[in-house]
Amino acid sequence: MTASASVKRRVARLRVHLDVPFVRNAYSLVGSTLATSGFGVVFWLVAARTYSTEDFGRDAALISAMLFLSSISQLNLTNGFNRFVPVAGTRTRRFVLTGYLAATSTACVAATAFVLGINVWAPRLSLLHEHWPYAVWFVLGTVVWTVFALQDAVLTGLGEARWVLVENVIYGIAKIGLLVTVVAALPDLGVYAAWTLPLIVLVVAVNGLIFKRMVPERTYPPLEAIDARTVRHYVGFDMVATLTLSATVGLMPVIMLSILGPSASGYLYLSWTIAYTLYLVSIGVGMSFVTETAKAPERIVEFARKMIKHSLRIVAPLAILIALSAPLVLRIYGPAYAHHATRLLQLLALSAIPNAVTATYLSITRVQRRMKAVITTTGALAAGVFVISVGLAPLMGIAAVGVGWFVAQTVVAAVLLLGELRTVWLPYVHADRLQLIARLRGSRAGRSADSAPQGTAAVVAAGLAPGDWEIREEAEDADQMRILVLRNRHRNEDALLKVAAGTRAVSALCRDVEGLRRVWDVAPPELRPLLAQPLGAGAGPPAWTLDTKAAGVDARTLVADERLRDAVTQGAARHIVGLHRATAVSVCIGEELPELLDLPLAVTDSLPTSRLRVRADETSLARLQSELRGELAGITVTAGFVHGNLWLGNVRCAPDDGRVTELVNWRRARVDLPVVELMHLVCTTRALLERRELGAVVREVLSAGAFRDREAELIRSAPGADELSTRTAVLLMWLRHVHSYTRSAAGARPSDVWVSHNIHQVLESV
């Protein structure tokens, strides 16, 4: 019973997994690729054993010629259909029929020219010239195969890749069956007949399905402008990239033939035939990626992550398996293959692993129609393969080609992962592991000619006598302001000296002074003991302030102790709620606090992003802005004077009992929503306790739709806590935090890890 339940759960999970169109189409295309390869192996084995060597060789040449002419005649419309059919809408029928007409006309002309000149370039295939029915059959076969190849791209673009798998399985079975049954009726062209006869039935049936059922369902207008110039530009440039890779694959055996001899060329051809199946897996997943992302470009990062994951899930184990079993696999073809081509096959198979990354990037650039990037990437890959293979061939033999493919793919993938694709893997990097790198980069970016003086020089610059003050601590904050904790040698009291030299630091210092002044004006009596008192200030240069500093420790140091943590958070919330209540007013959002309606727009303006993410981020933020305007515009809520950045890092407390002794850093003080402030305290405390980024906590709260019991109780103490939904208040808190952080870090760009964890992942989840 337990085993049965386990099987049912797995089947249910598989169904849910395959309900996702991207996954279903990707696996259908991968299954089609593997089925085609498997049936192809069986077909040629049966053909070799059933037909004479002469008939087998002649028919194989006919099929090769047909496939070559068809590949040229397709005009790269396979990629064109894959890219534009998903967004063609009501223009799908016209677009597909126009493409079919162009490709089949080209195929007819090319095949006819081939037949007419057969005595020149392939005299051993003169039966096409001698028997006109065979010539017509060849031309017709080329035309039908062209449609057969293109209709797979149409089905994929329509989101119906499952029919690609069905059609290719039927075709594989049918041609093997015909191979045996037509041997007596057509001993001369049995292999060619078995290959081509099923095509007519399948082309008619599949296109009937396409134009009678699938295309009529596309009643929405085109999602993109699709005109002849756009398609020609895309298909033309993409063809350059496709031919570049095709030349790299096709010419390498010829080059190795001239360098190492015919045997080496044979080893390479066989090994590449086996390894290329792994490349086809990434190509199939990439076709599904292009289809789904063309319809939803704002999800491009999500789909890119899925493409790499699903490609590697299939390719990596198979590549390792082929690499380990290479000697056994090649021994089937003869001991010479196992002896000379083992290392070659191993490297070619392993090169398919980094190719999953390269294929993902090429799919991304195709969706975004960045054809220069497509050509540049394929050109760099081809150049690497040629240079390494040709350069090392005299030293390493045929294994040099494997080295070329593996090294070129690995280098290109590494460059892409460290560059534009870093946003794909950064969510899996723990931010705290890269804090040192982020700090070092921030310190380098923060160095400037007008940086604040340090140590004793800062004390002197503030007009203080160095003999009267002992420097206890010294640091620089995110705004490049020098902060020193001083001890007065005569009164044994601490003070906080802030020195600012640059424009950004001076601005932050002015906000500090103004925020502290404003809170002193409105603070209730019970809060005043927790506020610093100004002891002196100077306009500089450099500008400086000297304030009192209360006894106690940074509250973050107590976060691991549950009793002390609760005492600190509850004490800080109690004092700040007193400020909220003392200054509480009712406001109509839009008339007052209008910036709340435009917070997503403000984040968009300051958001560090990449070409890969820009469309997705802007779309997500625009959707958030629409949501917040619908929720907030015109409603009346409770506002009050807030700290603006309330978290344990701005709280000092007694180390023995967690009693709050000081609230510091009032530079973001303003009139805002109290509930947002307490949510910030709760979420940042959870992030500190669990050693996570705030973005992870935000996603968790949004997913759960509520806070934990203790957290919810603390938040409910805020005036107007029940006036907004949890989702709306959390989104406002997060947007305030992101905007403040990115704005304060404008001179030293936030680390990519921080941006990924705190911005991109949240945007993907909302």
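The structure displayed is predicted, hence computed values, not measured ones.

About the criteria used
Residues numbered from 1 in each chain as written. Predicted model: local features only at pLDDT ≥ 70, side-chain atom pairs only at ≥ 80, totals over all residues. Heavy atoms only, no water. Axes fitted to C-alpha atoms, helices over the stretch in contact; angles between N-to-C directions. Helix = DSSP H or I, 4+ residues; strand = E, 2+ residues; numbered from the N terminus. Parallel < 35°, antiparallel > 145°, perpendicular 65-115°, else oblique. Left-handed = near helix turned anticlockwise from the far one by under 90°. Contact = heavy atoms within 4.5 Å. Nonpolar A, V, L, I, M, F, W, Y, C, P; charged D, E, K, R; others polar. Phe/Tyr/Trp six-rings, centres within 6.5 Å; stacked < 30°, edge-to-face > 60°. Lys NZ or Arg CZ within 6 Å of the ring centre and 35° of its normal. Expected span 1.5 Å × (residues − 1). Buried < 20%, exposed > 50% of the residue type's maximum accessible area, 1.4 Å probe, protein only. Pairing = 2+ DSSP bridges. Polar contact = N/O pair within 3.5 Å; in protein donor to acceptor, adjacent residues only side chain to side chain. Core = buried A, V, L, I, M, F, W, Y, C linked by side-chain atoms within 4.5 Å. Salt bridge = Lys/Arg side-chain N within 4 Å of Asp/Glu carboxyl O.

Chemist: It is not clear to me how the packing of helix α4 (residues 77-88) against helix α5 (residues 92-116) should be interpreted in this structure. Could you clarify?
Modeler: Each packed pair of helices is defined by two parameters, the angle between the axes and the distance between the axes. For the pair α4 and α5, interaxial distance at closest approach is 10 Å and the crossing angle is 170°. Regarding the angle of α4 to α5, the classification is roughly antiparallel. As α4 runs across α5, the sense of the crossing is right-handed. Residues Leu77, Gly80, Phe81, Phe84, Val85 and Ala88 of α4 touch α5, and the partners they reach there are Thr92, Phe95, Val96, Gly99, Tyr100 and Ala103. A per-class count over the contact of α4 with α5 returns 9 nonpolar, 3 polar and no charged.

Chemist: Any chance you could explain the packing of aromatic side chains here in plain terms?
Modeler: Centre distance and the angle of the planes are the two values used to describe a pair of aromatic rings. Here the structure, examined in full by the defined rule, presents 21 aromatic pairs. Joined through ring pairs, the aromatic side chains of Phe81, Phe84, Phe95, Tyr100, Phe211 and Tyr234 make up one cluster. Here the guanidinium or amino end of Lys175 rests over the ring plane of Phe43, the centre of that ring lying 5.1 Å away.

Chemist: Would you take a moment to explain α5 for this structure?
Modeler: For an α-helix, the turn length of 3.6 residues means that residues three or four places apart are oriented alike. With 25 residues, α5 ought to run about 36 Å at 1.5 Å a step, and its terminal C-alpha atoms sit 36 Å apart, in line with that. Those residues of α5 that fall on the buried side of the exposure criterion are Thr92, Phe95, Val96, Gly99, Tyr100, Ala103, Thr104, Ala107, Ala111, Phe114 and Val115.

Chemist: Whenever I open this one, the sheet that holds strand β10 (residues 660-663) confuses me. Can you help?
Modeler: Note on sheets: strands pair through backbone hydrogen bonds, and any given pair is parallel or antiparallel. Taken in spatial order, the 3 strands make up an open sheet running β6-β9-β10, and their pairing is antiparallel. Edge strands, defined here as strands with exactly one partner in the open sheet, are β6 (553-554) and β10. For strand β9 (residues 651-653) and β10, the ladder comprises 3 bridges, and the chain directions are antiparallel. Among the inter-strand pairings, Cys653 is bridged to a residue of β10, identified as Val660.

Chemist: What exactly am I supposed to notice about unusual backbone geometry here?
Modeler: Leave glycine aside and you will find that most residues have negative phi; peptide bonds, for their part, are mostly trans. Even without being glycine, Arg369 reaches a positive phi, approximately 55°. Under the relative-accessibility criterion, Arg369 is labelled partly exposed at 32%. A positive phi is found at Asn665, a non-glycine position, where the angle reads about 60°. With respect to the element layout, Asn665 can be found in the loop between β10 and β11 (670-672). For Asn665, a relative accessible area of 22% translates into the label partly exposed.

Chemist: So what exactly am I meant to see when it comes to the side chain of Thr104 here?
Modeler: Considering the arrangement of structural elements, one finds Thr104 in helix α5. Thr104 gets classed as buried once you look at its relative accessible area, which sits at 18%. A distance of 2.7 Å separates a polar atom in the side chain of Thr104 from the backbone oxygen of Tyr100. Ignoring anything within four residues of it in the chain, the contact list for Thr104 reads Val143 and Val147.

Chemist: Quick question: what am I supposed to make of the nonpolar core here?
Modeler: Side chains of nonpolar character tend, in soluble globular proteins, to be buried together. Of all hydrophobic cores here, the largest spans 74 residues; its most connected members are Val519, Leu663, Trp666, Leu673, Phe707 and Leu732. The residues touching Leu673, leaving out its near neighbours within four places in the chain, are Leu593, Leu596, Val637, Thr638, Ala639, Val642, Leu724 and Leu732. Formed by 67 residues, the second largest nonpolar core is a distinct cluster that contains Phe84, Ala88, Val115 and Val203.

Chemist: Explanation requested: the packing of helix α13 (residues 300-331) against helix α14 (residues 335-367) in the structure shown.
Modeler: Viewed as axis vectors pointing N to C, α13 and α14 meet at an angle of 175°, and their least axial separation amounts to 8 Å. The orientation of α13 relative to α14 falls into the category roughly antiparallel. Counted by class, the contact of α13 with α14 contains 25 nonpolar, 5 polar and 1 charged residues.

Chemist: What's the story with the pattern of salt bridges in this structure? I'm lost.
Modeler: Think of it this way: side chains of opposite charge can pair up when their charged atoms draw near. Enumeration over the complete set of coordinates arrives at 31 salt bridges. As a salt-bridge pair, Arg517 and Asp521 come within 2.9 Å of each other at their nearest N and O atoms. Separated by 4 residues within a single helix, Arg517 and Asp521 lie in helix α20 (residues 503-522), roughly one turn from each other. For Arg517, a relative accessible area of 42% corresponds to the partly exposed category. Exposure remark for Asp521: the relative accessible area of 53% places this residue in the exposed category. When the shortest N-O distance is used, the salt bridge between Asp672 and Arg736 registers 2.9 Å. On the criterion of sequence distance, the pair formed by Asp672 in strand β11 and Arg736 in helix α27 (residues 726-744) is long-range, its members being 64 residues apart. Residue Arg736 is classed as buried on the basis of its relative accessible area, which comes to 12%. Linked through salt bridges whose partners overlap, the residues forming this network are Arg686, Glu690, Arg692, Glu700, Arg708 and Glu711.

Chemist: It is not clear to me how the sheet that holds β11 should be interpreted in this structure. Could you clarify?
Modeler: Read across the open sheet, the 3 strands follow the order β7-β8-β11; overall the sheet is antiparallel. The open sheet is flanked by β7 (585-588) and β11, the only strands paired with a single partner. Strand after strand, the sheet turns through a mean of 40° between neighbouring axes, direction not considered. Both strand β8 (residues 636-642) and β11 contribute to a ladder of 3 bridges, which runs antiparallel. The residue bridging Phe641 from the neighbouring strand is Val671, located in β11. Contacting β8 and β11, helix α24 (residues 674-690) runs over the sheet at an angle of about 60° to β8.

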